[in-house]
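Residues per chain, in single letters:
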Amino acid sequence: MEADVSIAEAPPVPGAEAIAGRIVDALPSLVLTGAGISAATGIPTYRDSRGQWLRSDPIKHQEFISDPGKRRRYWGRSLRGWPGVRDALPTAAHRSLTRLEQRGVLTHIVTQNVDRLHQRAGSQRVIDLHGRLDRVVCLDCGDESCRELLQSRLEALNPSLPRGSGGARPDGDADLADELIDGVRVPACTVCGGRLMPDVVFFGGSIPSARVEACRDALASARSLLVVGSSLTVYSGFRFCRWAAAAGLPIFLINPGQTRADDLGVKWSRPANEALAELEDVLG
């Protein structure tokens, strides 16, 4: 994922136009995006420029399902973190990808992010690899509901919990003092009284097989893979590079920091906003 650096801090990259030209020659591309593309909105990345984890340990899938205390922790912290994700606006990079999609040079956008900013920017062919934070699902009956409606219920049940962003993260989590966690009251499903979970794939969870197949089909219709703002540390993203390499497709990596696939593709060490603007210029 992209490092937390401003555009002004990024050093100039020799041959940027040449890299953009190589991408243009290999269109249409399947685009895979990570947290770095949303960093300019104020939503911080998970990792630094070397791919090292920056935050407290995330909740694991099995923990959430089996431990009521972990669910209280998640929803208490989410009460603070959700507004920062809800109110974020698409970046110039999101808008560039929308325009590129409209020009027919992208087959699909597969995003590891759960913020839905690609859709808000107007992109149509988007696969939410790890799910979507704006939706809630009941683990017991499968009912789906809107995250914003749950926010109102959380606030009503927990009037004493602090509001504000609290250091929002890409998954909508935020800082909340440990001593407040035990008092968090968690709403139940309005249909069956069951356990509610954000419609996302937590660490340790499995991406639905139909979604994985849709991603493979999207890559099969592309002539290259373009990775934007991801360190590819998590295998669910890195395997796209493995698939592309096995198929003989060129791989392009737009990211200021290190990625797991630096030895597999052409690296463009620029922030997403700049690199995608350059790509649009070359397309002309």
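One structure accompanies this document, and this report is about it. These figures come from a predicted structure and were not determined experimentally. (Residues numbered from 1 in each chain as written. Predicted model: local features only at pLDDT ≥ 70, side-chain atom pairs only at ≥ 80, totals over all residues. Heavy atoms only, no water.)

**Some details on the layout of surface pockets**
The volume enclosed by the second largest pocket comes to roughly 180 Å³. Broken down by secondary-structure element, the contributors of at least two residues to the lining of the second largest pocket are β4 (131-138) and β6 (196-200). Here the lining of the second largest pocket takes four residues from β6, the largest share from any one element. Its residues placed into classes, the lining of the second largest pocket shows eight nonpolar, five polar and two charged. (1 Å grid on protein atoms, 1.4 Å probe; cavity = no way out; pocket = protein on both sides within 12 Å on 5 of 7 lines; lining within 4 Å. Points joined across faces, edges and corners; volume = space filled by probe spheres on them. Helix = DSSP H or I, 4+ residues; strand = E, 2+ residues; numbered from the N terminus. Nonpolar A, V, L, I, M, F, W, Y, C, P; charged D, E, K, R; others polar.)

**Quick word on the packing of helix α4 (residues 92-102) against helix α10 (residues 272-283)**
Closest axis-to-axis distance for the α4/α10 pair is 8 Å, and the angle between their directions is 30°. One way to sum up the angle between α4 and α10 is to call them roughly parallel. The two elements α4 and α10 cross, and the hand of that crossing is left-handed. The segment α4 lies against α10, with Ala92, Ala93, Ser96, Leu97, Arg99 and Leu100 engaging Ala272, Asn273, Leu276, Ala277, Leu279, Glu280 and Leu283. Counted by class, the contact of α4 with α10 contains nine nonpolar, two polar and two charged residues. (Axes fitted to C-alpha atoms, helices over the stretch in contact; angles between N-to-C directions. Parallel < 35°, antiparallel > 145°, perpendicular 65-115°, else oblique. Left-handed = near helix turned anticlockwise from the far one by under 90°. Contact = heavy atoms within 4.5 Å.)

**Describing the pairing of strand β7 (residues 224-228)**
Within a regular beta strand, the side chains point alternately toward one face of the sheet and then the other, so they alternate between its two faces. When you tally the buried positions in β7, you get five out of five residues, the bulk of the element. Going residue by residue along β7, you find Ser224, Leu226 and Val228 tucked away on one face and Leu225 and Val227 tucked away on the opposite face as well. In this structure, strand β1 (residues 29-33) lies alongside β7, joined through five bridges in parallel fashion. When the sheet's bridge partners are listed, valine 31 is paired in β7 with leucine 226. Bridge analysis of β7 against strand β8 (residues 251-254) gives four bridges, and the strand direction is parallel. Paired with leucine 225 across the strands is isoleucine 251, a residue of β8. Handedness of the β7-helix α9 (residues 235-246)-β8 crossover: right-handed. (Buried < 20%, exposed > 50% of the residue type's maximum accessible area, 1.4 Å probe, protein only. Pairing = 2+ DSSP bridges. Right-handed = clockwise from strand over helix to strand, strands pointing away.)

**Quick look at the sheet that holds strand β5 (residues 144-146)**
The three strands lie next to each other as β5-β4-β6, forming an open sheet whose pairing is antiparallel. In the strand order of this sheet, the two ends are held by β5 and β6, each with one partner. Ignoring strand direction, the axes of neighbouring strands in this sheet form an average angle of 45°. Here β4 runs beside β5; their pairing, made up of three bridges, is antiparallel. Bridging across to β5, valine 137 finds its partner in glutamate 144. Strands in contact with helix α3 (residues 68-86) are β4 and β6; relative to β4, the strand with the most contacts, it is inclined by about 140°.

**Brief notes about α4**
Ala93, His94, Ser96, Leu97, Thr98, Leu100 and Glu101 are the residues of α4 that are buried. Buried residues along α4 sit against β1, β2 (106-111), α5 (117-121) and α10. Looking one or two residues beyond α4, the residue adopting positive phi is glycine 104, at roughly 80°.

**Digging into the sheet that holds β8**
On the basis of which strands lie adjacent, the open sheet formed by six strands has the order β3-β2-β1-β7-β8-β9 and parallel pairing. Looking at which strands have only one partner, the edges of the open sheet turn out to be β3 (126-128) and β9 (266-268). Ignoring which end each strand starts from, the neighbouring axes of this sheet average 20° apart. Of the pairings in the sheet, the one linking β8 to β9 comprises three bridges and is parallel in character.

**Some words on the pairing of β1**
In terms of burial, β1 is largely enclosed, as five of its five residues are buried. Neither face of β1 is open: one carries Ser29, Val31 and Thr33, the other Leu30 and Leu32, and all of them are buried. The sheet contact formed by β1 and β2 spans five bridges and is parallel. Counted as the bridge partner of leucine 30 is histidine 108 from β2.

**Here we look at the packing of aromatic side chains**
On inspection of all chains with the given rule, the structure shows six aromatic pairs. Considering the side-chain rings of tyrosine 74 and phenylalanine 202, the 5.5 Å spacing of their centres and the 75° angle between planes classify their relative orientation as edge-to-face. With tyrosine 74 in helix α3 and phenylalanine 202 in the loop between β6 and α8 (209-220), this pair connects stretches of sequence that are 128 residues apart. (Phe/Tyr/Trp six-rings, centres within 6.5 Å; stacked < 30°, edge-to-face > 60°.)

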